[in-house]
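Below are the chains, spelled out letter by letter.
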Amino acid sequence: MSVRVRLAPSPTGNLHIGNARTAIYNFLFAKKMQGSFIIRVEDTDLERSTKEFEQNQMEDLKWLGLQADESPANPGEFAPYRQSERLELYKDYAQKLLDEGKAFYDFCSDEELQIMSEKAKSEGTSPYTGKWKKAEHWDEAKSRVAAGEKAPIRFLVPDKAYSFKDYVRGEVKFPAGMVGDFVILRSNGMPTYNFCNVVDDALQKMTHIIRGEDHTNNTLRQLMIYEALDFDIPEFAHVSLLIGEDRQKLSKRHGVTSVRQYREDGYLPEALFNYLCLLGWSHPEEKDVFNWQDIANDFSLTRFSKSHAIYDVEKLKWINGQHIKNMEAEELLQKVRPFIKNEFFHSQTKEWQLSFVSLFQDKVQLLKEFESKINEYVLFESLNSSSELDEIMGWETTPQIQDHVKAELAKIDTDFIQAEDLDSWMNYCKKELKIKGKPLFMGFRGVLTGMNHGPDLKVLVPLTPVSLLKKRLGV
RNA sequence: GCUCCCAUCGUCUAGCCCGGUCCAGGACAUCGCCUUUUCACGGCGGUAACAGGGGUUCGAAUCCCCUUGGGAGUACCA
């Protein structure tokens, strides 16, 4: 039987990095096992779900490289892949449970429910103790429903202990009597998570459920449903959660938590993928910079960390920098272009752009940093006086360099100089003016850029328009 | 409260299942040095952890128990 795993996102917000991480694990496991990765949209919460969020999440998933084998946009054998389009199915199964005496209509009022729940908490009794769970009231309930009254359907929880084997936790046991009869079909006809999730996973033949640890307790309820409906129980892997620096659940105040934001901030999808993958899972050889193709074969459900991981952007940035550094200049340029607004940059030749991008390729961690480098190192027309510049200008050799550069610059009538031009100017200063070493190099840097640091002059200066060089030197 | 889960450097983690090879290894961050006549990249090195207490054992980060701390769930949300 081939492996089938799924991501079941709720379109109630943008794709969260925590969900992206479980998506990554599912995806990787599918690749490793040569199985299928499925996306099923769980939009049964009418209040909060929107098409726009669904669209956004699908785009972000795609951006991350998590191509689904089956999804709403690419339906397979078990369509539809959106729960709001599968409502009849849930009704049928709820009816089946009703018919078999495994579920019942509940007519308790909110007040009654409230009292029960408080009593349950203080006295440790079963959470639902309403009279409707008793078979003697079922006929009455059915006729009220037949007469048009609305009521939720609750699952009649068996009084027994459950347990399951989890890939990351080992054997997990739940004692009897800990959950009350929970709602499976709301009075508005919509199914609840624990119910439709099981129905779909079973009908869509999922073999492994890889999800967040926040679902471990739900597994108890789901196990009951699997059993009641006589479905095959899949294998489970409950992955630890991501938390913030203050060890609280990751939320907005911990900074950026949506994939979309990282995308807009100039992170590479493969870097986010790489980092998220490493939060809670480790490569057998402890590799830490990779693309999914590199490690899919090494992926397994047995190398998950059991404890929570604190999300730390510093390492993400470093990994992003590594991926930028390892990229072909051509490809990098394609990725960088959308992050640059500067018109000057876009009006340059491709050679110029390639040269510029390569010059900063190993100095940058985020795509958007390239933009600021243009103004910082290329597009300025006057040399700001600073202590660093003053020091260089104070050397007795510097004015000589300055005079020579001015004279040479005056002869140039092209838009840019060539690296060879700079070479010959330097050679002149070296041979004729006997300037060498630090005064030579730093002198040129100071005179041409006004700085005592920066990228390789022989690339930088040819990238700078001659008109600007002239203005800086007052030619 | 009740149920489930977790606990190695500041952070991500290896090691734990199958005790000795671990006075605990790697990575990020940090500090220092080298390299680059600058900056960055890179290289080398330093600081830095087995939550606490009991067992078991010749021997425990590894096995057992307790304590403490943390997380999750406890909805007609998912």
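About the criteria used
- Residues numbered from 1 in each chain as written.
- Chains lettered and ligands numbered in written order.
- Predicted model: local features only at pLDDT ≥ 70, side-chain atom pairs only at ≥ 80, totals over all residues.
- Heavy atoms only, no water.
- Pairing = 2+ DSSP bridges.
- Helix = DSSP H or I, 4+ residues; strand = E, 2+ residues; numbered from the N terminus.
- Axes fitted to C-alpha atoms, helices over the stretch in contact; angles between N-to-C directions.
- Near = heavy atom within 4 Å.
- Polar contact = N/O pair within 3.5 Å; in protein donor to acceptor, adjacent residues only side chain to side chain.
- Nonpolar A, V, L, I, M, F, W, Y, C, P; charged D, E, K, R; others polar.
- Salt bridge = Lys/Arg side-chain N within 4 Å of Asp/Glu carboxyl O.
- Buried < 20%, exposed > 50% of the residue type's maximum accessible area, 1.4 Å probe, protein only.
- Lys, Arg positive; Asp, Glu negative; His and termini not counted.
- Contact = heavy atoms within 4.5 Å.
- Domains from an automatic or database assignment.

### Some points on the sheet that holds strand β7 (residues 183–185)
The strand order β3-β4-β7 describes an open sheet built from three strands, whose pairing is antiparallel. At either end of the open sheet lies a strand with only one pairing partner, and these are β3 (103–105) and β7. In this sheet, neighbouring strand axes are inclined to one another by 40 degrees on average, regardless of whether the strands run parallel or antiparallel. Taken together, the two bridges between strand β4 (residues 153–155) and β7 define a ladder with antiparallel strand orientation. Bridged to Ile 153 within β7 is Leu 185.

### Digging into the protein's contact with RNA strand B
The full set close to RNA strand B counts 60 residues, and Arg 186, Arg 247, Gln 248, His 308 and Gly 437 are the nearest of them. When the atoms of RNA strand B within 4 Å of the protein are sorted by group, sugar and phosphate make up 74%. In this structure, a sugar or linking oxygen belonging to RNA strand B sits 2.6 Å away from a side-chain N or O atom of Ser 10. Residue assignment for the surface near RNA strand B shows that the elements contributing at least two residues are β6 (170–174), α7 (216–228), β11 (309–310), α11 (313–325) and α19 (437–449). Within the surface near RNA strand B, the residues separate by chemical class into 15 nonpolar, 18 polar and 27 charged.

### Comments concerning the pattern of salt bridges
What the rule picks out here adds up to 26 salt bridges. In this structure, Asp 200 and Arg 86 form a salt bridge, with 2.7 Å as the shortest nitrogen-oxygen distance. In this pair, Asp 200 sits in helix α6 (residues 193–203) while Arg 86 sits in the loop between α2 (51–63) and α3 (87–99), placing the two residues 114 residues apart along the sequence. For the pair shown, Asp 200 and Arg 86 are each scored as buried. For the salt bridge of Asp 181 with Lys 133, the shortest nitrogen-to-oxygen distance reads 2.9 Å. Taken as a pair, Asp 181 in the loop between β6 and β7 and Lys 133 in the loop between α4 (110–123) and α5 (138–146) lie far apart in primary sequence, 48 residues in all. The exposure class of Lys 133 is partly exposed, given its relative accessible area of 27%. Here the salt bridges share partners, and the residues they tie into one network are Arg 6, Arg 40, Glu 42, Arg 86, Asp 200 and Asp 201.

### Quick look at the side chain of Asp 166
Mapped onto the elements of the fold, Asp 166 is located in strand β5 (residues 162–166). No salt bridge is formed by the buried Asp 166, whose closest oppositely charged neighbour, Arg 169, lies at an N-O distance of 4.7 Å. A polar side-chain atom of Asp 166 sits 2.8 Å from the main-chain amide nitrogen of Val 168. Beyond its immediate stretch of four places on either side in the chain, Asp 166 contacts Val 172, Phe 236, Ala 237 and His 238.

### Describing the domain arrangement of chain A
Segmentation of chain A into domains returns domain 1 (1–72 + 240–326), domain 2 (93–185), domain 3 (327–378) and domain 4 (380–475). Computed from C-alpha atoms alone, the centre-to-centre distance between domain 2 and domain 3 is 61 Å.

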